[in-house]
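Examination of the molecular architecture
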Amino acid sequence: MTDILFQARAFAAKDWATVLFVLSFALIALTKNVFESRFSDFTKLAFSDKYIKIYRDSEMMSWFNILLFVVQMLSFAFFIQLLLSYSDKSVVSHYSKTDYILFIRIFTLLGVAVLGKYLIEKIISTAFNIEEFAEQFNLQKVSYRTYSGIILLPINIILFYNDSVSIIVFYIVIVAILITNLLTYLNSLKIYQNLILGKLFYFILYLCALEIGRIISCIIGLQRVSI
């Protein structure tokens, strides 16, 4: 009788990332099928502000935003880990792009930072009596940030499975993200300029409080990731 020997298969270092990449595209496909019309308008966000005008009064915590928020967090967490792994080859063993524990830490800290910032925005907007403006303003920022995260997803896949990537590529992506955020702010100011001028003092306090909170969150996050 022939003996059958079973050999344990080692879990490949990149298998966890493949699963998450597939999960991300599955969430995008699910969102597209469930919210077909809205997703169609959302995909044109880079060329038209039709989506912002139509859904400017929609709820922030809708399933459409929640599903794509998960994709956004996965995408940006992957990019941060890739950036850390390529930023300094002397610490590549410490910041490895295949380290799933590091990814979990980055994903968790990023999620807490974003959700914490949103909660702070809600508190501050309530205190300054600008809830309606803050909700619409935040929804517009989230829409563009989610759009950037989805576009970043295939870039992450290329960077993750390619071991000979120049750090310049990361700089280009970072600059593109910063420019997108800047244009988002300018577009928001243009759309809500009448409302802002009516409550200019509270709006300035609102932005200042958010920026201080963002700086503190970034400092704490970087310290925890480095531990």
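Since the structure is predicted, the reported quantities are computational estimates derived from the model, not experimental observations.

Conventions used here
- Residues numbered from 1 in each chain as written.
- Predicted model: local features only at pLDDT ≥ 70, side-chain atom pairs only at ≥ 80, totals over all residues.
- Heavy atoms only, no water.
- Core = buried A, V, L, I, M, F, W, Y, C linked by side-chain atoms within 4.5 Å.
- Buried < 20%, exposed > 50% of the residue type's maximum accessible area, 1.4 Å probe, protein only.
- Helix = DSSP H or I, 4+ residues; strand = E, 2+ residues; numbered from the N terminus.
- Contact = heavy atoms within 4.5 Å.
- Axes fitted to C-alpha atoms, helices over the stretch in contact; angles between N-to-C directions.
- Parallel < 35°, antiparallel > 145°, perpendicular 65-115°, else oblique.
- Left-handed = near helix turned anticlockwise from the far one by under 90°.
- 1 Å grid on protein atoms, 1.4 Å probe; cavity = no way out; pocket = protein on both sides within 12 Å on 5 of 7 lines; lining within 4 Å.
- Points joined across faces, edges and corners; volume = space filled by probe spheres on them.
- Nonpolar A, V, L, I, M, F, W, Y, C, P; charged D, E, K, R; others polar.
- Expected span 1.5 Å × (residues − 1).
- Bend = angle between axes of the 7 residues up to and from the residue.
- Polar contact = N/O pair within 3.5 Å; in protein donor to acceptor, adjacent residues only side chain to side chain.
- pLDDT = per-residue confidence, 0-100.

The next thing to look at is the nonpolar core. By size, the foremost hydrophobic cluster in this structure holds 41 residues, and its most contacted members are Phe42, Leu45, Tyr51, Phe78, Phe103 and Phe170. Put simply, the parts of the chain that give this core at least two residues each are α1 (15–34), α2 (36–42), α3 (50–54), α4 (63–87), α5 (100–127), α6 (131–160) and α7 (167–191). By residue number, the principal contributor to this core is α4, which donates twelve residues. Setting aside residues no more than four positions away along its own chain, phenylalanine 42 makes contact with Tyr51, Phe64, Leu68, Ser143, Thr146, Tyr147 and Ile150.

The next thing to look at is the packing of α4 against α6. Any two packed helices are characterised by the angle at which their axes cross and by the distance between the axes. Direction vectors running N to C along α4 and α6 enclose 50°, while the axes themselves pass 8 Å from each other. As far as their axial angle goes, α6 and α4 are oblique. Note that α4 runs across α6; the crossing there is left-handed. Within the contact between the two elements, α4 uses Asn65, Leu68, Val71, Gln72, Ser75, Phe76, Phe78, Phe79, Leu82 and Tyr86 and α6 uses Leu139, Val142, Arg145, Thr146, Ser148, Gly149, Ile150, Leu152, Leu153, Asn156, Leu159 and Phe160.

The next thing to look at is the layout of surface pockets. By volume, the second largest pocket amounts to about 260 Å³. In terms of lining, the second largest pocket is formed by 14 residues, of which the most central are Tyr147, Ser148, Ile151, Ala176 and Thr180. Listing elements by their share of the lining of the second largest pocket, those giving two or more residues are α6 and α7. Along the lines of polarity and charge, the residues of the lining of the second largest pocket split into eleven nonpolar, three polar and no charged.

Looking now at α6. Spanning 30 residues, α6 covers 40 Å between terminal C-alpha atoms, matching the ideal 44 Å at 1.5 Å per step. Taken as a whole, α6 carries its principal kink of about 30° at leucine 153; the proline proline 154 stands between one and four residues after it. Here α6 lies mainly inside the structure; 21 of its 30 residues are buried.

Moving on: the packing of α5 against α6. Contact geometry for α5 and α6: axes closest at 9 Å, N-to-C directions at 160°. Comparing the axis directions of α5 and α6 gives the class roughly antiparallel. By crossing handedness, the relation of α5 to α6 is classed as right-handed. Residues Val114, Lys117, Tyr118, Glu121, Lys122, Ser125 and Thr126 of α5 form the contact with α6, whose own contacting residues are Glu131, Ala134, Glu135, Asn138, Lys141 and Arg145. Broken down by class, the residue content of the contact of α5 with α6 amounts to three nonpolar, three polar and seven charged.

Looking at the element boundaries, serine 75 is found in helix α4. At a separation of 2.6 Å, a polar atom in the side chain of serine 75 contacts the main-chain carbonyl oxygen of glycine 149. Residues contacting serine 75, with those up to four places away along its chain left out, are Gly149, Leu152, Leu153 and Asn156.

Right, let's get into the confidence of the model for the chain. Mean pLDDT over the chain stands at 78; residues scoring 70 or higher make up 74%. Per-element confidence in the chain ranges from a low mean pLDDT of 55 for helix α9 (residues 200–226) to a high of 94 for α1. Confidence over residues 5–11 falls short of pLDDT 50; this stretch has two contacts with residues more than four positions distant or in other chains. When the criterion is pLDDT under 50, residues 218–226 qualifies, and its contacts beyond four places in sequence or with other chains add up to eleven contacts.

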